[in-house]
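Secondary and tertiary structure notes
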Amino acid sequence: MSSPRLGATPSRTARTIILSLVGLLFAVPILAMIEFTFRDGLSGSYTLTHWTNLANPAVNAKYAPLATALANSGVLVVVTVLLVLVVLLPTMILVELRFPRLRRVLEFICIVPITVPAIVLVVGLVPVYSVVVKVAGSSIWSLGFAYGITVLPYAYRAIQANLGTVDVVTLSEAARSLGAGWATVLLRVILPNLRRGILAAAFISIAVVLGEFTIASLLNRVNLQTALVLISKSDPYVAVIFSLLALAFAFVLLLLIGRLSTVGSRRRKA
Amino acid sequence: MDATSRGATVELTEVVKNYGTGAPALDTLSLHARPGEFVALLGPSGCGKTTALRTVAGLEAVTSGSISIDGRDVTDQPTNKRDLGMVFQSYSLFPHLDAQANVEFGLRMRRVPAGERRERALGALEMVGLGGFGSRFAHQLSGGQQQRVALARALVTRPRVLLLDEPLSALDAKVRVQLREEIRRIQTELGITTLFVTHDQEEALAVADRVAVMRAGRIEQIGTPEALYTQPQTPFVAEFIGLSNRLPGTVRGGFVEVYGVELPLLDPTVAPGPVTVALRPEDVEIVSEGALAGVVVSTSFLGSLRRSTVRLPDDTLLAVQHAVGLRTAPGERVALRFTGACVSVKHEENP
């Protein structure tokens, strides 16, 4: 661009410095975690034992709670993503097509959870869950309802960003004028064009659910994060290793989201 | 595609569309389009022309009245059962499908076998001049090309009615003229009944068999382009169709007197009194000598003709259309003459 630089736009060097500082802020704890997993107790030397122990049946029996926790988190991921796909997505499409006036209201409702700290959310959720447990039992999946709320802002944004670039009203009218019923319009026209937004919403929901600690802990549920805290009390190395793995997984998901959007934009430019 | 006539009649009977906010969008609108006819719905924005088209498409439910296609009442039929082809103002190609798959969409809905589907889609693309563009996606096509594909997509199912909702308004001027002529050619070839919504009077006059000028949810006048142009029945139509000068005049004895010249009235029954006269620029001539004189304010070259604005002694500005060879210069004094064509008048409203 040849347009003169606005006062608010930082220069190239300023950008680099800021980015490096932020990058460092994130890199230091992660590198420290990695370094920590290779430490050999208090001796000060390095060892691979903590990593190899993961495959050692004699030692890893005590990680059993972690396996349960992983399974629980898996269930929660599935329930949460299903909630996003079955409740949020159809609502958003319906609002876009038939009730455009409700768009602001929906946006407000979906963004609210991000303004409420998890700890405050839990205060409200405790009495709710005393009822939920009576109705749905105390199995882990019902925690997905709470997570459905916490992921709302992220999922909403991801889908809305995609909806904003697709004129679903005109596309569905065109499809209907060509003889398509509503089901066909949804499956053959709207969903294929929202694919990126839907995938991004699902991935970001997974990342949020895998990182959730506060609600699960205060509602006395076991998920990956609560189990990690518990294990860290007996074996800090394993806890850190699993935190790293979870982090790496979330990182891969975020990279995938990024890739999805760049693939889309490259195609548009071609 | 076969070239046999397969147009259907389209009939709107006293259609009312009320959104519940203020005046109705359609106010007991009746319209009859004959098989194979190209009818343009013309009017300023907010006059209800698009709403009228959308009720025919079934995209908008009517409050009262009925719509029939080919003699069958379709008022309560959903859009996808009405067997229509429609082209929209905004680009409406499915972005995840290439041009050919877009064109095949309607055929797929009608469960046409793959082989025939492909063949007809390629034929339709050929028809709109885009043979060989089948594998392009919407983002790889220009605006004009996208609307061509949309036209092919609308026509490939051989619908009974073609609905065009300002399909040209997003295109630039040159492509617009090109494509409108092509639409007219294809429409004539296929003999498909077509409703064409536009706010561009030149476009409407150029392509339509009949033009319906709409205002406030009603049809003000419907007729051939010539009839609308030469015999506007209301001052609104006179002003909307073509460029008109508005001059003060007085009606008396079946004539209207404008600047001392008596001109015949389109509607001789107008009550006597002061009126505003709508006079077309081509009904004024620049002559070497005449009673009415003025000073040229500006002049513009329009290709096949020239249009000058002349300031009359009473400061009224008058547009005059004349031959290109006659070059006027700003500041030049010219004499004017009215050709004596019939004019429409409007009584001055008393404030």
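Residues numbered from 1 in each chain as written. Chains lettered and ligands numbered in written order. Predicted model: local features only at pLDDT ≥ 70, side-chain atom pairs only at ≥ 80, totals over all residues. Heavy atoms only, no water.

1. Thoughts on a nonpolar patch on the surface
All names here are of chain A. A surface patch of nonpolar side chains, about 650 Å² in accessible area, is lined by Leu94, Phe99, Leu102, Val105, Phe108, Ile109 and Val112. The element contributing the most residues to the nonpolar patch is helix α5 (residues 103-115), with 4 residues. Within the fold, valine 105 resides in helix α5. (Patch = residues over 30% accessible without salt bridge, like charges linked within 9 Å, V, L, I, M, F, W, Y side chains within 5 Å. Areas by Shrake-Rupley, 256 points an atom, 1.4 Å probe, with all protein chains shown as cover. Salt bridge = Lys/Arg side-chain N within 4 Å of Asp/Glu carboxyl O. Helix = DSSP H or I, 4+ residues; strand = E, 2+ residues; numbered from the N terminus.)

2. Some points on α5(A)
Here α5(A) spans 19 Å end to end across 13 residues, near enough to the 18 Å set by a 1.5 Å rise per residue. Those residues of α5(A) that are buried lie in contact with α4 (64-97), α7 (143-150) and α8 (152-165) of chain A. (Expected span 1.5 Å × (residues − 1). Contact = heavy atoms within 4.5 Å.)

3. Focus on the nonpolar core
Core analysis: the largest hydrophobic core is formed by 84 residues, its most contacted members being A:Leu88, A:Leu143, A:Ile215, B:Phe94, B:Phe105, B:Leu163 and B:Leu195. Broken down by element, the residue count for this core peaks at 12 residues, all from helix α10 (residues 182-210) of chain A. The residues touching A:Ile215, leaving out its near neighbours within four places in the chain, are A:Ala118, A:Leu121, A:Val122, A:Leu125, A:Leu143, A:Ala146, A:Tyr147 and A:Thr150. Ranked by size, the runner-up nonpolar core spans 44 residues in total, among them B:Leu93, B:Ile183, B:Ile186 and B:Val207. (Core = buried A, V, L, I, M, F, W, Y, C linked by side-chain atoms within 4.5 Å. Buried < 20%, exposed > 50% of the residue type's maximum accessible area, 1.4 Å probe, protein only.)

4. So, the side chain of A:Glu173
For A:Glu173, the location among the structural elements is in helix α9 (residues 168-177). A residue is classified by how much of its surface remains accessible, and A:Glu173, at 10% relative accessible area, is buried.

5. Examining the sheet that holds strand β1 (residues 10-17) of chain B
All names here are of chain B. The 4 strands lie next to each other as β2-β1-β4-β5, forming an open sheet whose pairing is antiparallel. Where the open sheet ends on each side, the last strands, each with one partner, are β2 (26-33) and β5 (72-73). Both β1 and β2 contribute to a ladder of 5 bridges, which runs antiparallel. Paired with lysine 17 across the strands is leucine 26, a residue of β2. In the packing of helix α1 (residues 49-57) onto the sheet, contacts are made with β1, β2 and β4 (64-69), and the angle to β1 comes to roughly 115 degrees. (Pairing = 2+ DSSP bridges. Axes fitted to C-alpha atoms, helices over the stretch in contact; angles between N-to-C directions.)

6. Here we look at the packing of helix α2 (residues 99-109) of chain B against helix α4 (residues 143-155) of chain B
Residues and elements named next belong to chain B. Interhelical geometry of α2 versus α4 gives an angle of 30 degrees and a closest axis separation of 7 Å. What the angle tells us is that α2 and α4 run roughly parallel. For the pair α2 and α4, the sense of crossing is right-handed. Residue-level contacts link Ala99, Asn102 and Val103 of α2 to Val149, Ala152 and Arg153 of α4. Split into classes, the residues belonging to the contact of α2 with α4 amount to 4 nonpolar, 1 polar and 1 charged. (Parallel < 35°, antiparallel > 145°, perpendicular 65-115°, else oblique. Left-handed = near helix turned anticlockwise from the far one by under 90°. Nonpolar A, V, L, I, M, F, W, Y, C, P; charged D, E, K, R; others polar.)

7. As for unusual backbone geometry
Residue and element names in this part refer to chain B. Even without being a glycine, aspartate 83 presents a positive backbone phi close to 60 degrees. With respect to the helices and strands, aspartate 83 occurs in the loop between β5 and β6 (84-87). Judged by its relative accessible area of 22%, aspartate 83 falls in the partly exposed class. Phi at arginine 111 is positive, roughly 55 degrees, even though this residue is not glycine. By the secondary structure assignment, arginine 111 is in the loop between α2 and α3 (114-127). Relative accessible area serves as the criterion here: at 74%, arginine 111 is assigned to the exposed category.

8. Focus: the sheet that holds strand β20 (residues 344-347) of chain B
Residues and elements named next belong to chain B. Taken in spatial order, the 5 strands make up an open sheet running β13-β12-β11-β14-β20, and their pairing is antiparallel. With one partner strand each, in any of the chains shown, β13 (261-264) and β20 form the two edges of the open sheet. Each adjacent strand pair in this sheet contributes to an overall mean axis angle of 45 degrees, direction not counted. Sheet analysis places strand β12 (residues 255-258) next to β13, joined by 4 bridges and oriented antiparallel. Within β13, the position partnered with glutamate 257 by the bridge is glutamate 262.

9. Quick word on the confidence of the model for chain B
All names here are of chain B. In this model, chain B carries a mean pLDDT of 88, and residues with pLDDT of at least 70 account for 97%. Across residues 1-5 the pLDDT falls below 50, and counting only partners more than four positions away or on other chains, this stretch makes 12 contacts in the model. As scored by the predictor, the complex reaches a pTM of 0.78 and an ipTM of 0.81. (pLDDT = per-residue confidence, 0-100.)

10. Brief notes about the interface of chain A and chain B
Taken residue by residue, the interface counts 20 residues in chain A and 22 residues in chain B. Summed over both partners, the interface of chain A with chain B comes to about 2000 Å²; 60% of that surface belongs to carbon and sulfur atoms. Summed over the three residues of chain A that lose the most area to chain B, namely A:Glu173, A:Ser177 and A:Leu178, the buried surface amounts to 32% of that side. Summed over the shared surface of chain A and chain B, the number is 1 salt bridge. Between A:Glu173 and B:Arg54 there is a salt bridge, with its nearest N and O atoms 2.5 Å apart. At the boundary of chain A with chain B, the tally comes to 5 residue pairs in polar contact (both at pLDDT 80 or more). (Buried area = accessible area lost by both parts, 1.4 Å probe. Polar contact = N/O pair within 3.5 Å; in protein donor to acceptor, adjacent residues only side chain to side chain.)

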